[in-house]
Amino acid sequence: MPAMSDSLPPRFPAPASAPAPAASGWRGRLQQVMANVPRAALGNLLAKLAIVGLGLAITVLVARMGPKVQGAFALFVAVESGLLTLFSGLGLWLARQMSRQVGSEAWRSLPMLVGVLRAAVVLGALAAVGLSLVSWQATALPYSQLWLLALAAPFLLLVPTATGLWLGEGRMWPINLAQVAAPAVVLAGLLGAGWLTADYVGRAPVVVMVLIAWVSGKALVALLTALAALRHASQRDEGHEANEAFAGRVGVTWLPSPSWRSEWRFVATIGVTNVISLLNYRASLFLVERFHGLETVGTYSVAVTVAELLWLLSSSVTVSVYARIGHPDRAVAAGMAVHAVRVNVLATLVAAPLLLMGAWWALPQVLGEAYQASLLPLAALLPGVAAYAAASSLSAFYTNHLGRPQLSGAIAGLSLLISFGLGLWWVPTAGAVGAALASSAGYIGAIGVAYGVFLRHAGLPLSALWRGVPTRAAV
């Protein structure tokens, strides 16, 4: 969050303290990197650990119902993710407005939040019509069950939209709560679905019950999240209005609240960019289904889920500093992005071999011998996934500071082009291993270009990635 005067009302976040001088040498550089990780990252990391634990429990529960059920579930969730990312620009637009309230200029948050929530409901309803039409015409799982997603679509979009309010303020705990609540409620529903369908494992009814549990749990949490965000926005604005005398003393100017309609191109660009990014992560699943069927998708999707655990820390760090990466001062924004990138890369390099060793033993033991087939794809995925850990921080700089989400879209598009092109060649003959190799190559090729784009726009030399940025960027 941008640094502000100590005399501002307490509802504005206080500025972070500057880091203490670090010792020389590689230990000193490591200490400097860790000192610039905000404390909020720890809370978000703990929340991510809870999310991962719940997510793994969901994966175990569904995967043990059979690779076919797991494959159908993975494809259904990929379609849902596409819906959420297509309209995620509303929440990120709101976050950008909140994070750019610097100094004496500010605007009320409730009108902005109400506007984007209304848009989310309308867009969700329109998406529901399209999903219903696809479901009516489809005969294969999971596409024939997309009517379930259509019922929940107007609610599902509320979470990525409402949490933009807290993301822009740098308030992590309500975001963490919403993120943890969703898989917790879903897991409870899946446990109930598993108990009710114990005699139907491998048949269509168990898939339907699993999908019902998923969408109903997500919709419930989405509605509660939107109500909590509305309450917080209202209290925030009322607190400022009740302090008019103080506001006049420090010269705060209340500006008219911006509307997303005036920046609809920015919102739409983010949506398209995020869909491209999602396809970059999930297109390989559909390639595997096309050439090898649902069961192979089931084992390969487990490899993807485990590999993406490497992004646990990177996403936590990026979310916690998202507001500061959006600071109008280029030095501050670029410096914080560099610190986040360095932490993310170091963490994934250490964690990747440990993750592979643990999975090599755990997957067949916990999920069953059928998931032995997940291990080689996992080994092929990890190098690319580790390299791509810096992408979230670089994307935050492009979107929240530069206001150019199309740069993120171009990087993701390059990765998708490489991975999908290689996948068309490798998947028919090499199966899931070919898909993993293609994805890994796409990640590695694109992240190299992403570094170059970032350094050019930040005005930094290549050495800044390992030496750091000696500016007031840690403010």
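Heads up: the structure comes first, above all this text.
For the structure given in this document, a descriptive report is provided here. (Residues numbered from 1 in each chain as written. Predicted model: local features only at pLDDT ≥ 70, side-chain atom pairs only at ≥ 80, totals over all residues. Heavy atoms only, no water.)

1. Some remarks on the packing of aromatic side chains
Tallied over the full model, the rule gives six aromatic pairs. A centroid spacing of 5.2 Å and a plane angle of 85° characterise the contact between Phe73 and Trp214, whose relative ring orientation is edge-to-face. Of this pair, Phe73 sits in helix H3 (residues 67–86) while Trp214 sits in helix H9 (residues 204–241); the two residues are 141 residues apart in sequence, bridging distant segments of the chain. There is no split in this pair, since Phe73 and Trp214 are both buried. Centre to centre, the rings of Trp311 and Tyr443 are 5.9 Å apart; their planes meet at 70°, and the pair counts as edge-to-face. Highlighted residues: Trp311 in helix H13 (residues 311–320) and Tyr443 in helix H18 (residues 405–458), separated in sequence by 132 residues. The lysine or arginine in question, Arg290, covers the ring of Phe291, its NZ or CZ lying 5.4 Å from the ring centre. (Phe/Tyr/Trp six-rings, centres within 6.5 Å; stacked < 30°, edge-to-face > 60°. Helix = DSSP H or I, 4+ residues; strand = E, 2+ residues; numbered from the N terminus. Buried < 20%, exposed > 50% of the residue type's maximum accessible area, 1.4 Å probe, protein only. Lys NZ or Arg CZ within 6 Å of the ring centre and 35° of its normal.)

2. A closer look at the packing of H3 against helix H11 (residues 264–292)
Geometry of a packed helix pair, given as the angle between the helix axes and the separation of the axes. Viewed as axis vectors pointing N to C, H3 and H11 meet at an angle of 165°, and their least axial separation amounts to 9 Å. As summarised for this structure, H3 and H11 are arranged roughly antiparallel, according to the angle between their axes. Seen from above, H3 lies across H11 with left-handed handedness. Of H11, the residues touching H3 (which contributes Ala74, Leu75, Ala78, Val79, Ser81, Gly82, Thr85 and Leu86) are Gly271, Asn274, Val275, Leu278, Arg282, Leu285, Phe286 and Glu289. Of the residues belonging to the contact of H3 with H11, the class tally is nine nonpolar, five polar and two charged. (Axes fitted to C-alpha atoms, helices over the stretch in contact; angles between N-to-C directions. Parallel < 35°, antiparallel > 145°, perpendicular 65-115°, else oblique. Left-handed = near helix turned anticlockwise from the far one by under 90°. Contact = heavy atoms within 4.5 Å. Nonpolar A, V, L, I, M, F, W, Y, C, P; charged D, E, K, R; others polar.)

3. A look at empty space enclosed by the protein
All told, the structure shown has five cavities of 30 Å³ or more when counted by the stated rule. If you add up the space inside the second largest cavity, you get close to 60 Å³. Around the second largest cavity, the lining comprises 13 residues; the ones closest to its centre are Ser284, Leu287, Ser419, Phe420 and Ser439. The set of elements that each furnish at least two residues to the lining of the second largest cavity consists of H11 and H18. Top contributing element to the lining of the second largest cavity by residue count: H18, with eight residues. (1 Å grid on protein atoms, 1.4 Å probe; cavity = no way out; pocket = protein on both sides within 12 Å on 5 of 7 lines; lining within 4 Å. Points joined across faces, edges and corners; volume = space filled by probe spheres on them.)

4. Observations regarding the side chain of His457
Examined against the element boundaries, His457 turns out to sit in helix H18. On the accessibility criterion, His457 (16% relative accessible area) is buried. Setting aside residues up to four positions removed in sequence, His457 forms contacts with Arg330, Phe397, Leu402, Arg404 and Leu407.

5. Things to note about the pattern of salt bridges
The tally for this structure, following the rule as stated, stands at two salt bridges. In this structure, Lys218 and Glu80 form a salt bridge, with 2.9 Å as the shortest nitrogen-oxygen distance. Of the two residues, Lys218 is situated in helix H9 and Glu80 in helix H3; the sequence distance between them amounts to 138 residues. Overall, the relative accessible area of 17% leaves Lys218 in the buried class. Residue Arg282 is joined to Glu308 by a salt bridge in which the shortest nitrogen-to-oxygen separation is 2.8 Å. Here Arg282 is found in helix H11, whereas its partner Glu308 is found in the loop between helix H12 (294–307) and H13, with 26 residues between them in sequence. (Salt bridge = Lys/Arg side-chain N within 4 Å of Asp/Glu carboxyl O.)

6. Structural notes on the packing of helix H16 (residues 375–387) against H18
Between H16 and H18, whose axes approach to 7 Å, the crossing angle comes to 10°. Considering the angle they form, H16 stands roughly parallel to H18. Across from Leu376, Pro377, Ala380, Leu381, Pro383, Gly384, Val385 and Ala387 in H16, the residues of H18 making contact are Ala432, Val433, Ala436, Leu437, Ser439, Ser440, Tyr443, Ile444 and Ile447. A class-by-class count of the residues in the contact of H16 with H18 yields 14 nonpolar, three polar and no charged.

7. A few points about H11
Compared with the 42 Å implied by 1.5 Å per residue over 29 residues, the 40 Å span of H11 between its first and last C-alpha is a close match. Of all the bends found along H11, the most pronounced is centred on Tyr281 and spans about 50°. Gly293 lies just past H11 and shows a positive phi near 90°. (Expected span 1.5 Å × (residues − 1). Bend = angle between axes of the 7 residues up to and from the residue.)

8. Focus on a nonpolar patch on the surface
A cluster of nonpolar side chains, contributed by Phe155, Val185, Leu220, Leu223, Leu224 and Leu227, occupies part of the molecular surface with about 510 Å² of accessible area. With four residues, the top contributor of residues to the nonpolar patch is H9. By the secondary structure assignment, Leu224 is in helix H9. Under the relative-accessibility criterion, Leu224 is labelled exposed at 51%. (Patch = residues over 30% accessible without salt bridge, like charges linked within 9 Å, V, L, I, M, F, W, Y side chains within 5 Å. Areas by Shrake-Rupley, 256 points an atom, 1.4 Å probe, with all protein chains shown as cover.)

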